[in-house]
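Each chain is listed here by its residues.
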Amino acid sequence: MHQKDIEKFAFFYMCGQRDKRLIEGREKMTFQDFDRLIFITEFLGLDHLSLEIWNRYSTKFQAQLQDLENQFLEDPKDMALAEYTVDTQLRDRWLEEFCASVPDEEVRGWIMIQV
C-alpha cells in the first residue's frame with residue numbers, strides 16, 4: 001500500500017461523509033471546500049493526500065488562486081495581516097467542525113488535543 005493510500009484511508013476514517021464525497025468527486029467541490037480540505041490534511045500531516053487533492057482540483061480553482069496571488073502582490077503587508085486575522089478565525093472553525101464530524105470518539109479526542 002502506498003503512503004497516499006494509507007493517508008486517504010486514515011482521513012476517510014476520521015472525516016464526515018460529505019468530505020469523503022468531495023474528495024471522491026461525488027459532490028461538487030467549492031473553492032472554500034478545497035481550501036478547507038487542503039488546510040485540514042496539512043494540519044493533520046497528511047501531505048500526500050493534500051498533494052493529491054491539490055493536483056486533482058487546483059486547476060478548477062485557478063482563477064481564485066490567481067486572484068489571491070494578485071491581491072498579495074499588490075499590497076503584501078496589508079493583505080498578509082488581513083488574511084492572517086480572517087484565516088485564523090476561519091481555520092479554527094474548520095478544525096472545530098472537522099473534529100465534531102469525526103465518528104470515532106477516541107480519534108476525535110486525539111485530534112482535539114492536536115488542535
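Conventions and cut-offs
Residues numbered from 1 in each chain as written. Predicted model: local features only at pLDDT ≥ 70, side-chain atom pairs only at ≥ 80, totals over all residues. Heavy atoms only, no water. Salt bridge = Lys/Arg side-chain N within 4 Å of Asp/Glu carboxyl O. Buried < 20%, exposed > 50% of the residue type's maximum accessible area, 1.4 Å probe, protein only. Phe/Tyr/Trp six-rings, centres within 6.5 Å; stacked < 30°, edge-to-face > 60°. Helix = DSSP H or I, 4+ residues; strand = E, 2+ residues; numbered from the N terminus. Axes fitted to C-alpha atoms, helices over the stretch in contact; angles between N-to-C directions. Contact = heavy atoms within 4.5 Å. Nonpolar A, V, L, I, M, F, W, Y, C, P; charged D, E, K, R; others polar. Core = buried A, V, L, I, M, F, W, Y, C linked by side-chain atoms within 4.5 Å. Expected span 1.5 Å × (residues − 1). Arc of directions from axis to C-beta.

> Mind showing me how you'd approach the pattern of salt bridges here?
If charged atoms from side chains of opposite charge come close, those side chains can pair. Summed over the entire model, instances satisfying the criterion amount to nine salt bridges. The residue Glu27 makes a salt bridge to Arg21 at a minimum N-O spacing of 2.9 Å. Here Arg21 falls in the partly exposed class, since its relative accessible area comes to 29%. Glu24 is the partner of Arg26 in a salt bridge, and the nearest nitrogen-oxygen pair spans 2.7 Å. The class of Glu24 is partly exposed, set by a relative accessible area of 37%. When salt bridges that share partners are traced, they join Arg18, Asp19, Arg21, Glu27, Asp33 and Arg36 into one network.

> Help me understand the packing of aromatic side chains, please; the structure alone is not making it clear to me.
In this description, an aromatic ring pair is defined by two values, namely the gap between the centres and the angle between the planes. Under the defined criterion, the tally for this structure stands at seven aromatic pairs. Ring centres of Phe34 and Trp54 lie 5.4 Å apart, and the angle between their planes is 35°; on these two criteria the pair is classed as tilted. Of this pair, Phe34 sits in helix H3 (residues 31-43) while Trp54 sits in helix H4 (residues 47-57), and the two are 20 residues apart along the sequence. Phe34 gets classed as buried once you look at its relative accessible area, which sits at 2%. In textbook terms, an aromatic cluster arises when at least three aromatic residues are bridged by ring pairs, as seen for Phe31, Phe34, Trp54 and Phe61.

> What is the right way to read the packing of helix H1 (residues 3-14) against helix H2 (residues 17-24) from this model?
Two quantities define a packed helix pair, namely the angle between the helix axes and the distance between the axes. Contact geometry for H1 and H2: axes closest at 8 Å, N-to-C directions at 145°. Along the contact surface, H1 presents Lys8, Phe11 and Phe12, while H2 presents Asp19, Lys20, Ile23 and Glu24. Residues that form the contact of H1 with H2 fall into these classes: three nonpolar, no polar and four charged.

> How do you make sense of the nonpolar core when you look at a structure like this?
The tendency in soluble globular proteins is for nonpolar side chains to be buried as a group. Counting residues in each nonpolar core, the largest one holds 26 residues, and the members touching the most others are Phe11, Met14, Ile40, Leu44, Ile53, Phe98 and Ile111. If you list the elements that add at least two residues to this core, you get H1, H2, H3, H4, helix H6 (76-101) and helix H7 (105-114). With residues near it in sequence (within four places) discarded, Ile111 still touches Met14, Leu44, Phe98, Cys99 and Val102.

> Is there a simple way to think about H3 in this case?
Owing to its 3.6 residues per turn, the α-helix aligns residues three or four sequence positions apart on the same side. Helix length check: H3 (13 residues) gives 18 Å between terminal C-alpha atoms against 18 Å at 1.5 Å per residue, within 8%. Every buried residue belonging to H3 is among Asp33, Phe34, Arg36, Leu37, Ile38, Phe39, Ile40 and Thr41, and all of these are buried. Directly beyond the C-terminal end of H3, a positive phi value near 80° is found at Gly45.

> How should H1 be read in this particular structure?
When the terminal C-alpha atoms of H1 are compared, their 17 Å separation across twelve residues agrees well with the 16 Å that a helix rising 1.5 Å per residue should span. Taken residue by residue, H1 has Glu7, Phe11, Phe12 and Met14 as its buried positions. The buried residues of H1 all sit within an arc of 160° when viewed along its axis, so they share a single face.

Everything listed is a geometric property; what it means functionally is a separate question.
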